[in-house]
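Okay, here's what each chain looks like letter by letter:
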Amino acid sequence: MKGAKILIESLLKENVEVIFGYPGGAVLPLFDALYDAPLKFILTRHEQAAAHAADGFARSSGKVGVCLATSGPGATNLVTGIATAHMDSIPMVAITGQVKTSLIGNDAFQEADVIGVTRSISKHNYLVKDINDLARVVKEAFYIARTGRPGPVVIDFPVDIQMQEADFNYPPDVSIRSYKPTYFGHPGQIKKALQLIYRSRKPVIISGGGVILAQASPSLLKLAEKIHAPVTSTLMGLGGFPGTHELALGMPGMHGTVYANMAITECDLLISVGCRFDDRVTGKVSAFAPEAKIIHIDIDPTSISKNVRVDVPIVGDAKNIIGQLLEELNTSKLPDTAGWNEKIKEWKKKYPLVYKKTGRRIKPQYVLEELYKQTKGKAIIVTEVGQNQMWASQFYKYDYPRQFISSGGLGTMGYGFPAAIGAKIANPEKTVVDIAGDGSIQMNIQELATVAAYDIGVKIIILDNGYLGMVRQWQELFYNHRYSGTTLKNPDFVKVAAGYGVKGKRVDKEKDVKSAIKEIISYKGPVLADFLIEPEENVFPMVPAGEAINRMIGGMA
Amino acid sequence: MKHIIQVLVENKFGILARVASLFSARGYNIDSLNVGETQDATISAMTIVVDAPDERILEQIKKQLNKLIDVIEVVDFTRREHIERELIFVKISREAKEEGVISKLIKDNKLSVVANGGSDCILLACVDRQSEEEILRELKKIGIKELVRTGKAAIRK
Ligand SMILES: Cc1ncc(C[n+]2csc(CCOP(=O)(O)OP(=O)(O)O)c2C)c(N)n1
Ligand SMILES: [Mg+2]
């Protein structure tokens with residue numbers, strides 16, 4: 001069997017259903033093998049979008065996303081997408097064509113050192129130099145991508161090897177002696193953690209993306225309810241714990257809720273599950289959870305004690321470890337946390353997320369609230385980056401894992417729309433909405449051609465403020481209103497959509513928001529809706545960079 | 001503080017770059033790095049000497065080394081019993097070789113002559129931490145034409 005066919009057969013063995021990609025000279029044999037393979041191929045209009053679509057497919061389904069590009073420029077166009085997946089621990093396999101093995105290192109036509117370029121932005125990478133390694137490499141790549149702390153794996157596949165012949169034997173299992181993730185928590189650490197729980201009168205759980213990746217949501221819910229601990233979910237963790245639950249605190253950190261940040265600041269025990277304490281979460285580290293003992297549950301030992309001091313680290317899979325804790329938990333030893341929960345309830349009442357409607361100009365928060373109502377909280381919300389992303393995290397409530405999809409770690413503008421394409425393909429029956437900014441959407445707007453060609457019913461809602469709003473907000477607050485390089489002269493988005501054959505809609509009055517959203521979500525194909533919003537609306541509350549998280553601007557009034 | 005770290009890795013291409021880039025990405029200079037096959041031809045042992053101004057960052061680097069897929073084991077020898085040696089080649093002129101300090105080092109078996117033709121000669125020293133300083137100090141007195149070191153290799157006791 002030819003190398004190209006071996007690759008396709010291997011993908012089928014891994015139950016791959018869809019590949020997002022773009023062709024070129026160094027992948028011609030692969031595309032030829034793809035032509036009559038029982039696999040869906042989605043031709044995006046830019047390789048970056050193929051990577052983000054594979055990522056959105058993975059985040060929304062829990063399966064490994066697959067993208068494919070040619071050598072050189074095709075591969076370098078994937079880089080932002082691979083880095084985005086890497087920062088958020090998303091399982092993905094990226095396949096790149098490479099020049100003939102005899103030409104590697106010669107500055108051959110369309111050669112790029114993909115192994116070198118992707119080394120620090122992927123979980124692992126492989127250059128296939130021998131056709132006899134190919135099936136094993138694919139098997140290992142998928143295994144590495146989805147196990148342990150997940151992440152993207154790159155397979156660089158020279159064109160001559162795609163054409164060589166070998167027998168196809170897909171290895172039944174994987175054994176990598178140097179890669180053995182820890183899945184269960186150390187029993188001694190479980191005991192120590194329980195001792196801290198028994199002593200805590202003011203516990204808080206901080207739930208990160210790891211909860212979703214490990215499918216630990218049901219266990220987390222059980223734990224929180226048993227020990228009566230309020231739960232704050234990081235941006236990556238939204239939906240890991242039901243956002244409408246009475247123990248839910250919303251998001252912590254820079255644009256978190258006042259009550260989440262107050263709770264962290266005053267708690268005497270912080271149980272972190274699958275959260276790596278990003279600086280957007282902690283603010284000034286020395287003032288982060290100053291009163292608390294910290295239990296840190298994470299599958300990746302390098303996350304532990306990296307940013308914050310930890311009292312009881314537990315390395316392993318979040319679901320297993322919570323299971324271990326629940327198994328040994330003696331509820332009669334739990335102290336009374338009623339006072340603490342009462343206090344939190346008061347904070348919630350006193351400092352809710354707020355905004356003011358004007359009666360004229362559209363407030364972005366209102367758009368999200370209305371979207372929440374009309375989709376009954378059940379849509380998959382994908383975001384771009386900036387204010388749009390923060391409003392989407394604050395004003396839509398996420399009750400289910402894999403419902404909120406956003407580039408957290410890298411903060412990649414242009415991520416949302418292609419990721420929404422991937423999410424819609426994985427969930428054709430669900431409403432998938434990309435909450436976009438007028439800046440971000442233009443970073444991958446060419447994908448309107450993809451949704452038109454395949455009739456992928458993604459809904460784009462542009463919160464159009466005419467600015468690179470998040471940067472403008474910082475300039476307003478910290479750079480004396482000097483809006484340097486942040487004003488946008490936008491195209492007519494409705495006409496742009498029409499040019500691509502996609503339904504477009506413009507909404508510029510508050511009173512039209514309701515009916516517009518109804519129209520958008522009931523339309524069956526793709527829609528781009530341009531909501532002209534209050535141009536200088538800000539995201540509040542806000543913790544200025546480097547400040548303690550209880551030093552918030554806005555939202556405390 | 002100087003650390004000697006042993007990293008056991010799969011004997012595959014690419015792993016050296018991965019290991020090295022964990023240090024370079026943080027602006028850490030590796031003092032020396034020595035690699036060779038072990039008794040098992042599929043495993044290589046690297047001995048890395050690095051000066052770590054911040055122990056916390058070094059801890060992080062060690063964890064991240066462990067996280068690399070092709071790394072089998074990471075051991076910091078700094079606080080463990082171990083033996084370390086390094087080979088140093090020096091090229092000096094024939095006249096310099098006759099100087100008292102040098103002939104004494106040769107007589108004491110601290111230096112050996114490995115090539116001795118033409119106008120130069122090449123000496124070899126196998127040093128540990130103490131003898132390294134002594135020999136380099138003496139050699140610098142008489143003027144060295146060329147100096148090449150292997151970097152430290154270390155083994156657990
Ligand atoms: C690729 C990329 N470039 C630059 C940035 C920096 N950045 C963060 S938010 C932002 C503004 C985004 O503008 P827009 O998409 O209109 O969203 P808004 O904040 O206005 O909602 C910029 C430029 C980024 N995150 N990603
Ligand atoms: Mg904007």
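Residues numbered from 1 in each chain as written. Chains lettered and ligands numbered in written order. Predicted model: local features only at pLDDT ≥ 70, side-chain atom pairs only at ≥ 80, totals over all residues. Heavy atoms only, no water.

### Some words on the coordination of the magnesium ion (ligand 2)
Residue and element names in this part refer to chain A. The following threshold applies: Water is not among the atoms examined, so metal sites may look incomplete; donors are the N, O and S atoms within 2.8 Å of the metal, or within 3.2 Å for Na, K and Ca. Here a helix means four or more residues in a row that DSSP labels H or I, a strand means two or more in a row labelled E, and each is numbered from the N terminus. Exposed residues in this analysis have more than 50% of their type's maximum accessible area, buried residues have under 20%, and partly exposed residues fall in between, with area computed by a 1.4 Å probe over protein chains only.
Coordination of the magnesium ion (ligand 2) by the protein involves D438 (OD), N465 (OD1) and Y467 (O), with metal-donor separations of 2.1 Å. Each donor residue of the magnesium ion (ligand 2) belongs to the same chain, and together they define the spacing D-x26-N-x1-Y. A residue pair is termed long-range when its members are at least 10 positions apart, and D438 in the loop between strand 14 (432-437) and helix 18 (448-454) and N465 in the loop between strand 15 (459-464) and helix 19 (469-478) qualify at 27 residues. Taken as a pair, D438 and N465 share a single burial class, namely buried.

### Thoughts on the site of ligand 1
All names here are of chain A. Threshold: Any residue with a non-hydrogen atom lying within 4 Å of a molecule or strand is treated as near it. Throughout this description, a polar contact denotes any pair of N or O atoms lying within 3.5 Å of each other; where both atoms belong to protein, one of them has to be capable of donating a hydrogen while the other can accept it, and for residues adjacent in sequence the pair is counted only when both atoms sit in side chains. Accessibility throughout is a Shrake-Rupley quantity obtained with a 1.4 Å probe, and a residue counts as covered only by protein chains that appear here.
Ligand 1 sits among 17 residues. The nearest are Q387, G411, G439, S440 and G469. Here an oxygen atom of ligand 1 and a backbone polar atom of Q387 are 2.8 Å apart. Within the backbone of N388, an N or O atom sits 3.0 Å from an oxygen atom of ligand 1. In the complex, the protein chains occlude 76% of the 590 Å² of accessible area that ligand 1 would expose alone. Within the residue set of the shell around ligand 1, elements represented by two or more residues are helix 16 (387-395) and helix 19.

### Topic: the sheet that holds strand 1 (residues 18-21) of chain A
All names here are of chain A. For clarity, the cut-off: For two strands to pair, DSSP has to find at least two bridges joining them. Here the axes come from fitting lines to C-alpha atoms, over the contacting stretch only for helices, and the angles between their N-to-C directions go from 0 to 180 degrees.
Strands sit in the order 2-1-3-4-6-5 across an open sheet of six strands; the sheet is parallel. The two strands at the open ends of the sheet, each matched to only one other strand, are strand 2 (40-43) and strand 5 (124-127). Adjacent strand axes in the sheet meet at a mean angle of 20° when their direction is disregarded. Alignment of strand 3 (residues 65-69) against strand 4 (residues 92-98), held across five bridges, turns out to be parallel.

### Concerning the pattern of salt bridges
What counts, and what does not: The term salt bridge refers to a side-chain nitrogen of Lys or Arg lying within 4 Å of a carboxyl oxygen of Asp or Glu.
Enumeration according to the criterion identifies 45 salt bridges over all chains in this entry. R177 of chain A is the partner of D40 of chain B in a salt bridge, and the nearest nitrogen-oxygen pair spans 3.8 Å. Highlighted residues: D40 of chain B in the loop between strand 2 (30-37) and strand 3 (43-51) and R177 of chain A in the loop between helix 7 (159-163) and helix 8 (187-199), drawn from two different chains. Look at D40 of chain B and you get partly exposed, because its relative accessible area is 29%. The exposure class of R177 of chain A is partly exposed, given its relative accessible area of 37%. K509 of chain A serves as the salt-bridge partner of D508 of chain A, at 3.4 Å between the closest nitrogen and oxygen. Relative accessible area serves as the criterion here: at 40%, K509 of chain A is assigned to the partly exposed category. Overlapping salt bridges bring together E84, E86, R129, E132, R149 and K152 of chain B as one network.

### Focus on the interface of chain B and chain A
Using the following cut-off: Contacts between residues were defined by any pair of non-hydrogen atoms, one from each residue, lying within 4.5 Å. Each residue gets one of three labels, nonpolar for Ala, Val, Leu, Ile, Met, Phe, Trp, Tyr, Cys and Pro, charged for Asp, Glu, Lys and Arg, and polar for the others, Gly among them.
Of the residues lining the interface, 18 residues belong to chain B; the matching set on chain A comes to 18 residues. Residues R177 of chain A and E10 of chain B are paired through a salt bridge, measuring 2.6 Å at the closest nitrogen-oxygen approach. Taken together, the connections running from chain B to chain A amount to nine residue pairs in polar contact (both at pLDDT 80 or more). Elements that contribute at least two residues to the side of chain B that touches chain A include exactly helix 1 (15-24), helix 2 (55-67) and strand 4 (71-76) of chain B. At five residues, the largest contribution of residues to the side of chain B that touches chain A is made by helix 2 of chain B. Classifying every residue of the side of chain B that touches chain A by side-chain character gives seven nonpolar, four polar and seven charged.

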